[in-house]
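# Descriptive analysis of the structure
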Amino acid sequence: MPINQYANSFVCDLVAYETGKPIDETARELGLDPASIVKVASNENPLGPSPKAKAAMREALEEANLYPDGAGFRLRTAIAEKYDLGLENVVIGNGSNEIIELLCHSFLNRDAELIAAEHAFVVYKLMATLFGAKYVEVPDPGFIHDLEGMADAITPNTRLVFIANPNNPTGTVVGQEAIDRFMERVPEHVVVCFDEAYFEFLDEPFDTLKFVRQNRNVAVLRTCSKIHGLAALRVGYGLCGKDVAAILQKARQPFNVNAIAQAGAVAALKDDEHVEQTRAVNKQGLDFYEAAFRTRGLEFVPSVANFILVNVGDGDRVFKEMLKQGVIVRAMRGYKLPDWVRISIGTAEQNARCLEVLDSVLTPVAV
Ligand SMILES: *Cc1c(COP(=O)(O)O)cnc(C)c1O
């Protein structure tokens, strides 16, 4: 009998998350030198990891024979101090993706509903499906989360609302006023997850930690994968109302964040210089692309994050053609945006190369 008859149907039906194409794989398939490839497909930090994190990880290697601190005391203390919160508010995860999963473990079931925006980060939908819950998608005109509409969608069965802010892949943000009005309307039986993976790139940051301090049922997610340049480590964290945090701690595996990663994250969180450099390089890159797209008359979504969504007519074709020239961008068909590609901001050199290659595939060659 086929395995599908024994396995959960909502797992069998799942279409797995499609990651950015790895450099090694591209090099193998196209016979290119890996060093010549520019990957601007996964919103990674083009400056590399924080040098302080690298030093701390080298040191931590010496004790790789020991299990990690299961409670993550040093890392959770560093996080709590950074945000002036209590240790009881901090949950660490194997990437903030794991915290998303822990929220679903804790609050979803087959009768529950999860609300997210139409063009939100696709992991929420995958997780809702994986837990057999109902995924409720709210339109986001102009690619901006409609928090009023999301509050309207809440029912007695709603357990989770995800607000990616800034959102990936759109790069748009919702501000304080909209957030505050939304939180006034959210009933207690709904846990609100503010997924703030790109928060550190904002010039005008909003405050969601006040809801954590008020012990509201919220989880504010941050990550070391983006601004800190540590995507390979898989470290993210949730800043949660203490009741929510206590539940997530139960759902977590004891050693979910490895010791090398914990050590690297502690150092990275204190490396303000690396964060500032990253912000500066990113800002220049955003300006570069926006000016270039305007000049070329290409439609784009103004971004506050470290990537930009641009309408190229046929995203799959442009992705494939650019790949042949060693530049990896992300096609957006999976987000129901087949005309668009998402480009992560790189160094000035990478941005120039990416644009040059984009131009070459958009401009018909004269015969
Ligand atoms: C990149 C990203 C994350 C972070 O994922 P990690 O698991 O921490 O690497 C979370 N949410 C969104 C919206 C993202 O784009």
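Here is a short report on the structure shown in this document. (Residues numbered from 1 in each chain as written. Predicted model: local features only at pLDDT ≥ 70, side-chain atom pairs only at ≥ 80, totals over all residues. Heavy atoms only, no water.)

In the structure shown here, the tally under the stated rule is 12 aromatic pairs. Seen in terms of ring centroids, Phe-199 and Phe-206 are 5.3 Å apart; in terms of plane orientation they differ by 80°. Their pairing is edge-to-face. The class for Phe-199 is buried, based on a relative accessible area of 14%. Ring plane angle 45° and centroid distance 5.9 Å describe the contact between Phe-293 and Phe-300, whose orientation is recorded as tilted. The buried category is assigned to Phe-293, whose relative accessible area is 0%. (Phe/Tyr/Trp six-rings, centres within 6.5 Å; stacked < 30°, edge-to-face > 60°. Buried < 20%, exposed > 50% of the residue type's maximum accessible area, 1.4 Å probe, protein only.)

Next up on the list: the pattern of salt bridges. One pass over the full model with this rule turns up 19 salt bridges. If you follow the salt bridges from partner to partner, you end up with Glu-148, Asp-152, Glu-177, Arg-181 and Arg-185 in one network. (Salt bridge = Lys/Arg side-chain N within 4 Å of Asp/Glu carboxyl O.)

Taken together, Gly-95, Ser-96, Asn-97, Phe-121, Asn-168, Asp-195, Ala-197, Tyr-198, Thr-223, Ser-225, Lys-226 and Arg-234 form the complete shell of residues around the ligand. Here Ser-96 contributes a backbone N or O atom positioned 2.7 Å from an oxygen atom of the ligand. Protein chains bury 94% of the 390 Å² of accessible surface belonging to the ligand in isolation. Class assignment for the residues of the shell around the ligand results in three nonpolar, six polar and three charged. (Near = heavy atom within 4 Å. Polar contact = N/O pair within 3.5 Å; in protein donor to acceptor, adjacent residues only side chain to side chain. Areas by Shrake-Rupley, 256 points an atom, 1.4 Å probe, with all protein chains shown as cover. Nonpolar A, V, L, I, M, F, W, Y, C, P; charged D, E, K, R; others polar.)

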